[in-house]
Amino acid sequence: MMKLILFAALLGLTAGYCASKANRRVEVIIRPPAKVEVELGDTISIVCAAHGHGTQDPLVYWEKGIGASHKEKGKRLGPTSIGKSVYYVEAAEKDDIDNYRCVIEDCCGVKERIDVEVVVPEATCEDVYGVGHVVFGATWAFRNWTEAVEDCASKGLELAMPKNDAENEELRADLEKSFLTHPNAAKFAHENWCWLGASDEEEEDVWRASLDNSFLEYFNWDKNQPDNKPAVDETFPESQNVAGIHRGTGRWDDSYKHYQRPYACLCAPQDK
């Protein structure tokens, strides 16, 4: 009972201290970039710093492994510093390619969380990470369906759209090979769906290819799919009008185009 009374008193003192410091604030003076691209073997050095006005400088530390969606609980890294912390790796290895978070907190709690993605170049259709021969080159980055279509097009490629069972299995196998070898893929361990170049946005249940708007003749829908779930809310008014593939089973699902997912582009013939 005495411990509970002391703990409650400490909380009360802390709350009172925080409330009494109306002019106290924490300022981020060095904000790390949202994305840092490195090659394996490169040095990683990311600075995060903050200053306390009307109070002591805050604690600054890093967390690793916050997931592709930045929603997972990361592992706290040491040491915890005052005012400034540097995440430093002499020579980057595959395990260092991850999503990180700089946490800034003072005695009254966390003041700011700043997320940083550490990535290697995508090298979409190149065998630079041991993936071997692929027909479909995976990109392990979160983009919505429209961005995925545009990114493939910017490389002179097209968003993956298999036309038969053999191509569908090739796509599934290439996604799996890339997932097991590409350094950017590890953070997507809990993300099983990847985009396909298919949409029925023009007319419901009439599926067309994103490349040339031609009608699809081949489908590999999962059980009870497509189900065309309604719009999420007014912010995203469309129903499920685009398609994705499960990288484990190769089955398809219809989805909302604003969702963020990885994807694969059909590689150019010379890359096969």
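### Some words on the packing of aromatic side chains
Scanning the model with the defined rule gives eleven aromatic pairs in all. An angle of 80° between the planes, with centres 5.2 Å apart, marks the rings of F142 and F188 as edge-to-face. Taken as a pair, F142 in strand β9 (residues 136-143) and F188 in the loop between α3 (165-181) and β11 (193-199) lie far apart in primary sequence, 46 residues in all. Summarising the aromatic geometry, the rings of F219 and W221 are spaced 6.2 Å apart at their centres and angled 15° between planes, so their arrangement reads as stacked.

### With respect to the pairing of strand β6 (residues 84-89)
Side-chain positions along a regular strand alternate between the two faces of the sheet. On β6, burial follows the alternation: S85, Y87 and V89 on one face are buried, whereas K84, V86 and Y88 on the facing-out side are not. Note: strand β3 (residues 44-53) against β6, six bridges, orientation antiparallel. Each residue of the ladder has a partner; that of S45, found in β6, is Y88.

### Considerations on the sheet that holds β6
For sheets, the rule is that strands pair by backbone hydrogen bonds, running either parallel or antiparallel. Spatial ordering of the open sheet is given by β1-β3-β6, a layout of three strands whose pairing is antiparallel. Two strands lie at the open edges of the sheet, namely β1 (25-30) and β6, each paired on one side alone. With direction set aside, neighbouring strand axes in the sheet form an average angle of 20°.

Calculation notes
- Residues numbered from 1 in each chain as written.
- Predicted model: local features only at pLDDT ≥ 70, side-chain atom pairs only at ≥ 80, totals over all residues.
- Heavy atoms only, no water.
- Phe/Tyr/Trp six-rings, centres within 6.5 Å; stacked < 30°, edge-to-face > 60°.
- Helix = DSSP H or I, 4+ residues; strand = E, 2+ residues; numbered from the N terminus.
- Buried < 20%, exposed > 50% of the residue type's maximum accessible area, 1.4 Å probe, protein only.
- Pairing = 2+ DSSP bridges.
- Axes fitted to C-alpha atoms, helices over the stretch in contact; angles between N-to-C directions.

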